[in-house]
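So you can see what is in the structure, the chains are spelled out below.
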Amino acid sequence: METGIAGKRALVCASSKGLGRGCAEALAAEGVHLVMNARTDGPLQAAAREISDKYGVEVTPVAADITSEEGRAKVLAAAGDVDILVTNAGGPPPGMWTDWEREDFIKALDANMLTPIALMKALLPAMMQKGWGRVVNITSQSVKAPIAVLGLSNSARTGLTGYVAGTSRQVAGSGVTINNLLPGIHATDRAVSLDQGVCKAQGITMEQAQAQRMAGIPAGRYGTPEEFGAACAFLCSDKAGFIVGQNILLDGGAVNTTL
Ligand code: NAP
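Here is a short report on the structure shown in this document. (Residues numbered from 1 in each chain as written. Predicted model: local features only at pLDDT ≥ 70, side-chain atom pairs only at ≥ 80, totals over all residues. Heavy atoms only, no water.)

1. Notes on the overall build of the protein
- What the protein contains, in helices and strands, is eight helices and seven strands.
- For the protein, the C-alpha radius of gyration of 18 Å lies close to 18 Å, the compact-globule estimate for 259 residues.
- By its C-alpha atoms, the protein is 55 × 40 × 40 Å across when sized along the principal axes.
- Evaluated residue by residue, the protein yields a buried proportion of 48% over its 259 residues.
- For the protein, contacts bridging at least 24 residues in sequence account for 72% of all contacts bridging at least 6. (Helix = DSSP H or I, 4+ residues; strand = E, 2+ residues; numbered from the N terminus. Rg over C-alpha atoms; globule rule 2.2 N^0.38 Å. Buried < 20%, exposed > 50% of the residue type's maximum accessible area, 1.4 Å probe, protein only. Contact = heavy atoms within 4.5 Å.)

Structure representation (structure tokens):
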């Protein structure tokens, strides 16, 4: 399928590894020039080099904490007016409802709700003026079906989802789409750290924790960053202009709902 986005420019946040990197690679494979971001410079530079060598696109790496105001300013200054925005950041830590104080919620809201909102606010006007733009927010399956130990994530990402539901309808008439991709478990470092939490809490091995998790996934496995990236590239394509304000689960069937 011809995605029609070769030569466009994308900002992909939190993209030196994992799902963000999967999205960056899939867009680069379609000929999209990238601004990539992560906090740690070394792995970010390496990922940027690998992607530009492999796909022949321009890649500008910007090391910054995307959840801080200064970090966002640095990234936005390097990015300029992009055609595509993929928002992402690390997820909040797991715990119990009794663990979380106001400060924990503020941190989670900043990272997983207010940061993507600030990035959209900065970048949507130029997309609307050009009459074409794509925004994909990486959220979580926890928006559709809560994951009890990820209460901070459940709360912050649901807030973002409400914002996108309304805003996507305000900008769609200008040729700009905003949608959310909801990952279920994918084989990334985040999954390793979540599984390590299960090992610790239940006194089981990593293999047991993974088998336990896979037993709840009809596909019988974890997803891959490549599969996730392919879905992102499709949503960013010129074929996806009629998909507005949707929440698309990539979870191997784990969330057991009809709709
Ligand atoms: P990951 O493999 O740990 O990768 C995270 C990436 O984001 C790294 O490149 C990391 O680099 C960067 N990053 C983290 N915090 C950042 C920040 N504040 N500013 C800039 N870059 C930052 O994680 P992942 O599995 O791809 O997860 C991505 C998102 O999807 C997370 O919010 C996660 O909670 C959510 N999610 C993941 C899964 C899953 O199964 N993997 C499922 C549901 C939801 P640096 O550390 O160098 O900054």
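2. Describing the site of the ligand
- Every one of the 28 residues lining the ligand counts as a neighbour, but Ser16, Thr40, Ala89, His186 and Thr188 are closest to it.
- Lysine 17 has a polar backbone atom sitting 3.1 Å from an oxygen atom of the ligand.
- One of the side-chain N or O atoms of aspartate 65 is found 2.8 Å from a nitrogen atom in the ligand.
- Taken by itself the ligand offers 880 Å² of open surface, and the protein chains cover 92% of this.
- Only α1 (18-29), β2 (33-38) and α6 (189-202) provide two or more residues apiece to the shell around the ligand.
- In terms of residue class, the shell around the ligand is made up of nine nonpolar, 13 polar and six charged. (Near = heavy atom within 4 Å. Polar contact = N/O pair within 3.5 Å; in protein donor to acceptor, adjacent residues only side chain to side chain. Areas by Shrake-Rupley, 256 points an atom, 1.4 Å probe, with all protein chains shown as cover. Nonpolar A, V, L, I, M, F, W, Y, C, P; charged D, E, K, R; others polar.)

3. Points about the environment of arginine 169
- Relative to the helices and strands, arginine 169 is located in helix α5 (residues 151-171).
- Linking arginine 169 and alanine 122, residues 47 residues apart in sequence, is a C-alpha distance of 17 Å.
- Those residues within four positions of arginine 169 in sequence are excluded, and the remaining contacts are Val244, Gly245 and Gln246.
- Looking at arginine 169, its side chain comes within polar contact range of the main-chain oxygen of alanine 165, at 2.9 Å.

4. Considerations on the packing of helix α4 (residues 102-130) against α5
- Axis separation between α4 and α5 bottoms out at 8 Å; the angle between their running directions is 20°. The orientation of α4 with respect to α5, classified from their angle, is roughly parallel. Between α4 and α5 lies a crossing of right-handed hand. Between α4 and α5, the contacting residues are Asp104, Phe105, Ala108, Leu109, Asn112, Met113, Pro116, Ile117, Met120, Leu124 and Met128 on the first element and Leu152, Ser155, Ala156, Arg157, Gly159, Leu160, Tyr163, Val164, Thr167 and Val171 on the second. (Axes fitted to C-alpha atoms, helices over the stretch in contact; angles between N-to-C directions. Parallel < 35°, antiparallel > 145°, perpendicular 65-115°, else oblique. Left-handed = near helix turned anticlockwise from the far one by under 90°.)

5. Some thoughts on the pairing of β2
- Of all the six residues making up β2, five are buried; the element is thus mostly covered by neighbouring parts of the structure.
- Where strand β1 (residues 9-12) and β2 come together, four bridges link them in parallel fashion. Looking at β2, one finds that valine 12 is bridged to methionine 36.
- This β-α-β element, β1 to α1 to β2, shows right-handed connectivity.
- As defined by bridge partners, β2 adjoins strand β3 (residues 59-63) across five bridges and the pair is classed as parallel. Within β3, the residue paired with methionine 36 across the bridge is proline 61.
- Assessed by its sense of winding, the connection that carries the chain from β2 through helix α2 (residues 41-55) to β3 is right-handed. (Pairing = 2+ DSSP bridges. Right-handed = clockwise from strand over helix to strand, strands pointing away.)

6. Overview of the nonpolar core
- Ranked by internal contacts, the top residues of the largest apolar core, which has 32 residues, are Val12, Leu27, Leu34, Met36, Ile84 and Val86.
- For this core, the secondary structure elements donating two or more residues are β1, α1, β2, α2, β3, β4 (84-87), β5 (133-138) and α8 (225-235).
- Considering each element in turn, this core owes the most residues, six residues, to α1.
- Beyond its immediate sequence surroundings of up to four residues, isoleucine 84 is in contact with Ile5, Arg9, Ala10, Leu11, Leu27, Val32, Met127, Trp132, Arg134 and Cys236. (Core = buried A, V, L, I, M, F, W, Y, C linked by side-chain atoms within 4.5 Å.)

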